[in-house]
Amino acid sequence: EKQFFFMEAHNGISAKLVEKHKFDGIWASGLTISSSMGLRDVNEMSWSQVCEILNYITLSSDLPVILDADTGYGSFNNTIHLTKHLDRIGIQGICIEDKIFPKKNSFFQGHKQPLEDIEIFSGKIKSIKDSSSNIQVVARIESLIAGWGMDEAIKRANAYREAGADAILIHSKRKDISEIDEFIKTWGSEFPIVLVPTTYYKTKPNYFLKNKINIVIWANHLLRSSISSMEETLQIVKKNKSLKKIENKIFPVNEIFNITKMQELTNNE
């Protein structure tokens, strides 16, 4: 079975870079899209504003895109509305999580968070499948992060598979893979599994291979590395009141022209 490695992109240029470096697909992350706009990861951006950015991501790259759609932006009806737009934009996958709208980032609060009722969330999965034959649904289970435990996670995985999900994303904020591993072994299903090793980043690649993990998502690392780089540039320029020390460290303007295919325009003219 082939494994797919998806890298986060939050705008057109990051999508172009993901494709250039031959990743298998793009994770359009709720956290990084909202953060890149200076907003919090709590659905401050509407789904239509997110679609605006997705337009640029799909224009910039031919890679398959999975949208991190949080809780689906409201009831099943909002989710249907979103799905129809995603279909038109050419998004291949939608990932929805079983928390309550508006969502709060899973890594922000420590205490037990409320989860969406299983029936209601299963209805959301069904409504997406009914309104689009092209879009794969990844059902993201928040039980382990929200403090509801393993039994609840297994129960939800079974329900979401029944409801028609194409894959299960099991999420954990442990520093190691132990909790995820327990889920995989306990569930024991030959069903597509998606992992997001943000906190358990030391996991060795052969773990994904051995456990037949279908998709591994590197969820926010382009935005985070670009912020580190911008901070460094700002400190150097502020301190030196000169560009001399950074010119050879930063991406050349000519290379930007290459990535955005400026030559193609000239040839066409």
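Residues numbered from 1 in each chain as written. Predicted model: local features only at pLDDT ≥ 70, side-chain atom pairs only at ≥ 80, totals over all residues. Heavy atoms only, no water.

### Re the pattern of salt bridges
Then step 1. Counted by the stated rule, this structure contains 13 salt bridges.
Then step 2. For Glu152, the salt bridge is made with Lys155, and the minimal N-O distance between the two is 3.8 Å. Within this pair, Glu152 and its partner Lys155 are both found in helix α7 (residues 149-163), separated by three residues, close to a single helical turn.
Then step 3. Glu152 gets classed as buried once you look at its relative accessible area, which sits at 15%.
Then step 4. Notably, a salt bridge pairs Arg174 with Glu179, separated by 3.9 Å at the nearest N-O pair.
Then step 5. Salt bridges sharing partners connect three or more residues here, namely Glu97, Lys99, Arg140 and Glu142. (Salt bridge = Lys/Arg side-chain N within 4 Å of Asp/Glu carboxyl O. Helix = DSSP H or I, 4+ residues; strand = E, 2+ residues; numbered from the N terminus. Buried < 20%, exposed > 50% of the residue type's maximum accessible area, 1.4 Å probe, protein only.)

### Focus: the pairing of strand β1 (residues 4-9)
Remark: a regular strand shows side chains that alternate across the two faces of the sheet.
Then step 1. Sheet topology places β1 next to strand β8 (residues 215-218); four bridges connect them, and they run parallel. The partner of Phe4 across the bridge, within β8, is Ile215.
Then step 2. Pairing analysis gives four bridges linking β1 to strand β2 (residues 25-28), with the strands arranged parallel. In the sheet register, Glu8 faces β2, and the bridge partner there is Trp27.
Then step 3. Since β1 and β2 lie parallel, the crossover through helix α1 (residues 12-20) that links them has a hand, and here it is right-handed. (Pairing = 2+ DSSP bridges. Right-handed = clockwise from strand over helix to strand, strands pointing away.)

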